[in-house]
Amino acid sequence: MIEAEVHLSLHNFLRSQAGFPTWPHHLTMARLVARALRLGRSALIQVGAVCGYQGRYRTSFIASALMWHGPVIIVASVDVQQRLLNIEIPRLQQWLSANKPIRTGEVWPGSDFQGLLLTSPEAWLKGQLADNDSFPPNIPTIIDGVDDLENWVRDQLTQDIQPHDWDQLMLACPYQAEVIREARVKLTHELFQHPENPYHCYLISQTEIEILQGLYSSLDSIRDLPKTWQKFWQMFQNFADDFPPVSPSAHLPISPSPALFWATISRRQGLFSLHYAPIELAKRLTPIWQRQPVVLIGSALEPETEAPLFRERLGLDDVTCLKFSADHQGEAIQLYAPYKLPLPNTPEFQGAFIHQVRTLVCLSATAPGMTVVLVGDVPLKSRVGTILASEFGSRVQVEKTCLDENGILVTGWEYWRSHQGVLPAPRLLMIATLPLPSLENPLVAGRVAHYKRSHQDWFRLYLLPTALNELQRAIAPVRENQGIVALLDSRVVNRSYGAQILTALSPLARLTYLDPSLFSQPNEENSA
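Rules and cut-offs
Residues numbered from 1 in each chain as written. Predicted model: local features only at pLDDT ≥ 70, side-chain atom pairs only at ≥ 80, totals over all residues. Heavy atoms only, no water. Axes fitted to C-alpha atoms, helices over the stretch in contact; angles between N-to-C directions. Helix = DSSP H or I, 4+ residues; strand = E, 2+ residues; numbered from the N terminus. Parallel < 35°, antiparallel > 145°, perpendicular 65-115°, else oblique. Left-handed = near helix turned anticlockwise from the far one by under 90°. Contact = heavy atoms within 4.5 Å. Buried < 20%, exposed > 50% of the residue type's maximum accessible area, 1.4 Å probe, protein only. Pairing = 2+ DSSP bridges. 1 Å grid on protein atoms, 1.4 Å probe; cavity = no way out; pocket = protein on both sides within 12 Å on 5 of 7 lines; lining within 4 Å. Points joined across faces, edges and corners; volume = space filled by probe spheres on them. Nonpolar A, V, L, I, M, F, W, Y, C, P; charged D, E, K, R; others polar. Core = buried A, V, L, I, M, F, W, Y, C linked by side-chain atoms within 4.5 Å. UniProt positions renumbered as here; feature names shortened; annotations may be inferred. pLDDT = per-residue confidence, 0-100. Lys, Arg positive; Asp, Glu negative; His and termini not counted. Salt bridge = Lys/Arg side-chain N within 4 Å of Asp/Glu carboxyl O. Expected span 1.5 Å × (residues − 1).

Quick look at the packing of helix α1 (residues 2–16) against helix α5 (residues 78–96)
Following both chains from N to C, one finds α1 and α5 inclined at 110 degrees, their axes separated by 11 Å at the closest point. With respect to α5, the axis of α1 lies roughly perpendicular. The interaxial crossing formed by α1 with α5 has right-handed handedness. From α1, Ser-9, Leu-10, Asn-12, Phe-13 and Ser-16 reach across to α5, where they touch Arg-91, Leu-92, Trp-95 and Leu-96.

Shown next, in the form of structure tokens:
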């Protein structure tokens, strides 16, 4: 069977590679992927945050894909595709003597192609959601990096109306140009009445919906509207059907619905864009999983092997689930989580947090390696960067990759996730607050409102799983050198869900106080 062939060949390959990065689960994963290819049965594999960050597991599924006798699709980001094409595939092809054709592209090469196609998540999802034969059914598909799958899908399903689309609409409907212009002016006036927020976006209010409904009524009889507007009006009508009676409050966000409808604005330019995206994705995705067997590979989707919440959100029903355990000796971190810090929503928190940061930076001044200060709050991030730069000079950079060997990076969550792969693994990582999605973000508030309307536990089903996944991925580089993580959000020790967070971050050694010798131990061990 293919499983035995892959096991033997990969085993011999790994033994032949001197200095090859070790991972104890290569053979198990390769057998499971080979089994999925043979049986046509889908699988969901969690490789662990560290392995996901390092990408070691990819050797396993590439070996299975190359040895499988039929065609295979690999869905991966462009960066991962380049690594596969330049390193993983050539190395395995030479050892396995595999002559399988390799292609990259956004559509299937042809009906007679029996090789390996590498494509991007955007291209694959676009073809699958449109069901336009870009990718034929029944071709086994391996999707890498599914921690981001939900965001990929929602991006593909989001319909946008950009400022230039209004100009196109007026050109297409010259007799209604004045009506269109008037509706645009009214929308601009209403949207710019919203108070500023750090996210520059706002859920559409009832008054704004009425303006759009009036415009739609005026254009309803026109057939040849631009395609962007045709798609938008189709979505808009489905959305409007869920409305309650008109609210007397002009700026009250609309009642929760199975979709998000929001606007982003640029106050300096006086422009706005409209966006529509579904909240629930399962119904749209279930037919896709039924068209072909899929192997979905993520790093740390959920604490449970079966990943029930992830599977429910994405409509994954009958799949084989596997989760690899962490290396408790090689991946342990030292976690400093003090008890007596003020809660993040109190006025005293910022001062206490900055004091902790300064103390930790001073204690670690002689230790080798980079320090990262991870702050989600934008004003606090700027303040921390300014204070540290005044004391430690050019060592401190705010969201930049040009750092000294002992540099101090002050960054937000999104920047750190995007750049941690090109930066050295930090010796010390300080985290201001848990990455729970902020209810001040209108898009988060909209999703929470949907959970409330459905009488579901929005914290357990949405906020906490999102935070756990983000936290594990952020900490993964620190595990490479068994560094120190300072989690300075006291909710991790004062709230009931703190135990789940600590379990998700294991293996770890817990620290409750700072010892001056903490950062000198590695140097002493090296000198010994």
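Back to the text.
Things to note about helix α6 (residues 121–130)
The element α6 is extensively covered by neighbouring structure, given that seven of its ten residues are classed as buried. For α6, the full list of buried residues reads Pro-121, Ala-123, Trp-124, Leu-125, Gly-127, Gln-128 and Leu-129. Following α6 by one or two positions, Asp-131 adopts a phi angle in the positive range, close to 50 degrees.

Observations regarding unusual backbone geometry
Excluding glycine, most residues fall at negative phi; most peptide bonds, likewise, are trans. In this structure, the amide linkage connecting Ser-506 to the following residue, Pro-507, adopts the cis form with an omega of 10 degrees. Of note, Pro-507 is situated in the loop between α20 (498–505) and β18 (508–511). Even without being glycine, Gln-482 reaches a positive phi, approximately 50 degrees. With respect to the helices and strands, Gln-482 occurs in the loop between α18 (458–479) and β17 (484–487).

Digging into the sheet that holds strand β4 (residues 116–119)
If you walk across this open sheet you meet the seven strands as β3-β4-β2-β5-β10-β1-β11, and the pairing is parallel. The sheet terminates laterally at β3 (102–104) and β11 (320–323), the two strands that pair on one side only. The mean angle between the axes of side-by-side strands here comes to 15 degrees, regardless of whether they run parallel or antiparallel. Where strand β5 (residues 141–144) and strand β10 (residues 294–298) come together, four bridges link them in parallel fashion. Note that in β10 the partner of Asp-144 across the bridge is Ile-297.

Focus on the pairing of strand β16 (residues 428–431)
Along β16, one buried face is formed by Leu-428 and Met-430 and the opposite face, lined by Leu-429 and Ile-431, is buried too. Summarising the sheet, strand β13 (residues 371–374) and β16 pair through four bridges and their orientation is parallel. Within the sheet, the bridge partner assigned to Leu-374 lies in β16 and is Ile-431. Pairing geometry for β16 and β17, over four bridges, is parallel. Note on β17: the bridge partner recorded for Leu-429 is Val-485.

Topic: empty space enclosed by the protein
Taking a probe equal in size to a water molecule and rolling it over the atoms shows the remaining empty space. Taken as a whole, this structure holds one cavity of 30 Å³ or more when the rule is applied. Around the largest cavity, the lining residues are Ser-364, Ala-367, Pro-368, Gly-369, Met-370, Thr-371, Arg-427, Leu-428 and Phe-519.

Observations concerning the layout of surface pockets
Here the second largest pocket is characterised by a volume of approximately 620 Å³. Lining the second largest pocket are 33 residues; nearest its centre among them are Gly-48, Ser-325, Ala-326, Asp-327 and Glu-331. For the lining of the second largest pocket, the secondary structure elements donating two or more residues are α3 (49–54), α18 and α20. Top contributing element to the lining of the second largest pocket by residue count: α3, with four residues. Broken down by class, the residue content of the lining of the second largest pocket amounts to 14 nonpolar, twelve polar and seven charged.

Here's the deal with the nonpolar core
Ranked by internal contacts, the top residues of the largest apolar core, which has 38 residues, are Met-29, Val-47, Phe-61, Ile-74 and Ile-142. Within the residue set of this core, elements represented by two or more residues are α1, α2 (26–39), α4 (58–67), β2 (72–75), α5, β4 and β10. Considering every element that reaches this core, the biggest residue donor is α2, with eight residues. Apart from residues no more than four positions distant in its own chain, Ile-142 is found in contact with Val-33, Phe-61, Ala-65, Val-72, Ile-73, Ile-74, Val-75, Val-295 and Ile-297.

A word on the UniProt feature "domain: ATP-dependent helicase C-terminal" (unreviewed entry) in the protein
In the numbering adopted here, UniProt assigns the feature "domain: ATP-dependent helicase C-terminal" (unreviewed entry) to residues 427–507. A helix fraction of 57% and a strand fraction of 10% characterise residues 427–507, whose end C-alpha atoms lie 17 Å from each other.

Quick look at the sheet that holds β13
Strand pairing in a sheet relies on backbone hydrogen bonds, with the paired strands running either antiparallel or parallel. Taking strand neighbours across the sheet as the criterion, the seven strands line up as β14-β15-β13-β16-β17-β12-β18 in an open arrangement whose pairing is parallel. Strands at the two margins of the open sheet, each flanked by one partner only, are β14 (396–398) and β18. The sheet shows a mean angle of 20 degrees between the axes of neighbouring strands, taken without regard to direction. Helix α14 (residues 349–363) contacts β12 (333–336), β13, β15 (408–411), β16 and β17 of the sheet and is inclined by roughly 175 degrees relative to β16. Relative to the sheet, α18 contacts β12, β13, β16 and β17, its axis offset from that of β16 by approximately 160 degrees.

Some details on the confidence of the model for the protein
For the protein, mean pLDDT is 90; residues scoring 70 or higher make up 95% of the total. pLDDT under 50 marks residues 244–256. Its contacts with residues more than four places away, or in other chains, come to 28 contacts. Here residues 522–528 is modelled with pLDDT under 50, and outside its nearest four sequence neighbours on either side it reaches four contacts, counting other chains as well.

Some thoughts on the side chain of Glu-331
You can see Glu-331 is positioned in the loop between β11 and β12. Although Glu-331 lies buried, it forms no salt bridge, and the closest oppositely charged side chain, Arg-479, sits 5.2 Å away as judged by the N-O distance. For Glu-331, the contacting residues outside a window of four places in its chain are Val-50, Ala-326, Arg-479 and Pro-507.

Some remarks on the pattern of salt bridges
Where side chains of opposite charge bring their charged atoms close, a pairing between them can arise. Counted under the stated rule, the structure contains 18 salt bridges. Residues Arg-447 and Glu-150 are paired through a salt bridge, measuring 3.2 Å at the closest nitrogen-oxygen approach. Of this pair, Arg-447 sits in helix α17 (residues 442–453) while Glu-150 sits in helix α7 (residues 149–157), placing them 297 residues apart in sequence. By relative accessible area, Arg-447 is classed as buried at 11%. Note on Glu-150: relative accessible area 13%, which makes it buried. Two residues, Asp-489 and Arg-491, come together in a salt bridge whose shortest N-O distance is 2.6 Å. Residue classification places Arg-491 among the buried positions, given a relative accessible area of 18%. One salt-bridge network, held together by shared partners, links Glu-150, Arg-154, Arg-313 and Arg-447.

Description of helix α9 (residues 177–191)
With 15 residues, α9 should cover 21 Å at 1.5 Å per step; its first-to-last C-alpha distance of 21 Å lies within 8% of that length. Where α9 is buried, its residues contact α8 (163–172), α10 (206–219), β8 (259–266) and β9 (271–278).

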